[in-house]
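Observations on the three-dimensional arrangement
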Amino acid sequence: KGLLDCVPCQSYYVVTATQFPYSSGESVEEGIFQAMTLEQMKGNVTLRNEKGVERELAHFIAPVKGGDSAVFFFARNDDKGSPLLTKDNSEVSLVFNSAFLTPSNRFAYLLPRRMDFKLSKVKVGDNVVF
């Protein structure tokens, strides 16, 4: 609720990713995106609907410590004012490009190529609320 009511959230889709503690219960020492900057993330992650329409990363907040969330912001509307997601969309995906998921990124093995979200789970009536 706090994220949905935030001022920037009126113009951006906000996606968070959190690294959970190990199954053994040990704490996570370092988050996947902890040392990343907006400049490093730009071009490496997009938000894409099921029709292939994408939004580039507009803002990024790195986690401060293990267990914190990385926060990704993507513009709701394109330059013409068209929204990425409408009541007619069924899915949206957070997509990492293959150049980001190479062995040179020591955390690449922890990340999926994409994370898919069914919009039926984030709709209230005909409105997408995330």
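Structural notes, computed from the coordinates. (Residues numbered from 1 in each chain as written. Predicted model: local features only at pLDDT ≥ 70, side-chain atom pairs only at ≥ 80, totals over all residues. Heavy atoms only, no water.)

**Considerations on the side chain of Glu91**
Counting through the fold element by element, Glu91 comes out in strand 5 (residues 91-96). Given the relative accessible area of 16%, Glu91 is considered buried. Separated by 2.7 Å, the side chains of Glu91 and Lys118 make a polar contact. Beyond its immediate sequence surroundings of up to four residues, Glu91 is in contact with Arg48, Asn49, Glu50, Leu85, Arg114, Asp116, Phe117, Lys118 and Leu119. (Helix = DSSP H or I, 4+ residues; strand = E, 2+ residues; numbered from the N terminus. Buried < 20%, exposed > 50% of the residue type's maximum accessible area, 1.4 Å probe, protein only. Polar contact = N/O pair within 3.5 Å; in protein donor to acceptor, adjacent residues only side chain to side chain. Contact = heavy atoms within 4.5 Å.)

**Describing the pairing of strand 5**
In terms of residue burial, strand 5 counts as a mostly covered element, since six of its six residues are buried. Two elements, strand 2 (residues 45-49) and strand 5, share five bridges in a ladder whose sense is antiparallel. Along strand 5, the bridge assignment pairs Val45 with Phe96. (Pairing = 2+ DSSP bridges.)

**Side note on the packing of aromatic side chains**
Evaluated as defined, the whole model comprises six aromatic pairs. Each ring, one from Phe33 and one from Phe72, has its centre 5.3 Å from the other, and the planes form 90°; the classification is edge-to-face. Here Phe33 is found in the loop between strand 1 (12-18) and helix 2 (38-41), whereas its partner Phe72 is found in strand 4 (residues 69-75), with 39 residues between them in sequence. As far as burial versus exposure is concerned, Phe33 and Phe72 are alike and both buried. On the numbers, 5.9 Å between centres and 20° between planes, the contact of Phe96 with Phe100 is stacked. Residue class for Phe96 comes out buried when judged on its relative accessible area of 0%. Look at Phe100 and you get buried, because its relative accessible area is 6%. (Phe/Tyr/Trp six-rings, centres within 6.5 Å; stacked < 30°, edge-to-face > 60°.)

Such coordinate-based values are descriptive only and should not be taken to indicate function.
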